[in-house]
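# Remarks on the overall topology
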Amino acid sequence: MNSGFMNLPRDTPLVQVHTTTGRGFTPEEVAARCADRLMSVADTAPLAIREQALAFKNHIERVVAIYMREAIASDRTTVYNALKDAGHDDLADLIRRL
């Protein structure tokens, strides 16, 4: 009988807090958190499977970080163009140099 409740692992926290001081998160830090949410590897998995899964997870982190850097650059281009179009050439140039 389905009670309508989702079965959640008891040993995995539902909420995590990540902070930085004086800066935002890097694409690599966010990519690592993303990969942690996308996949996990059981401690009880056979060694060969665990190593292969962890290698794949590291690959996911690198790919996500690459696309995040592309998204950041694209957003900066959008902001630069919006500032230029609004006549704020000095601000646009500051954004371009980030």
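Residues numbered from 1 in each chain as written. Predicted model: local features only at pLDDT ≥ 70, side-chain atom pairs only at ≥ 80, totals over all residues. Heavy atoms only, no water.

What follows deals with the side chain of K57. Relative to the assigned elements, K57 resides in helix α2 (residues 47-85). Beyond its immediate chain neighbours, meaning those up to four positions away, K57 contacts A35, D36 and M39. (Helix = DSSP H or I, 4+ residues; strand = E, 2+ residues; numbered from the N terminus. Contact = heavy atoms within 4.5 Å.)

Tallied over the full model, the rule gives zero aromatic pairs. One Lys or Arg, R33, reaches over the ring of F25 and ends 4.9 Å from the middle of that ring. (Phe/Tyr/Trp six-rings, centres within 6.5 Å; stacked < 30°, edge-to-face > 60°. Lys NZ or Arg CZ within 6 Å of the ring centre and 35° of its normal.)

In this model helix α1 (residues 27-38) runs 16 Å from its N-terminal to its C-terminal C-alpha over twelve residues, within 8% of the 16 Å that 1.5 Å per residue would give. Where α1 is concerned, the buried positions are P27, A31 and A35. Taken down its axis, α1 places every buried residue within 70 degrees of arc, on the same side. Each element contacted by the buried residues of α1 is listed here: α2. (Expected span 1.5 Å × (residues − 1). Buried < 20%, exposed > 50% of the residue type's maximum accessible area, 1.4 Å probe, protein only. Arc of directions from axis to C-beta.)

On the surface, a cluster of nonpolar side chains totalling about 360 Å² of accessible area is made up of L14, V15 and V17. Examined against the element boundaries, V15 turns out to sit in the segment before α1. (Patch = residues over 30% accessible without salt bridge, like charges linked within 9 Å, V, L, I, M, F, W, Y side chains within 5 Å. Areas by Shrake-Rupley, 256 points an atom, 1.4 Å probe, with all protein chains shown as cover. Salt bridge = Lys/Arg side-chain N within 4 Å of Asp/Glu carboxyl O.)

For the rest of this paragraph, the subject is the pattern of salt bridges. Summed over all chains, the structure comprises six salt bridges. One salt bridge in this structure joins E28 and R69, with 2.3 Å as the shortest N-O distance. Of this pair, E28 sits in helix α1 while R69 sits in helix α2, and the two are 41 residues apart along the sequence. Judged by its relative accessible area of 41%, E28 falls in the partly exposed class. When its relative accessible area of 38% is taken as the criterion, R69 is described as partly exposed.

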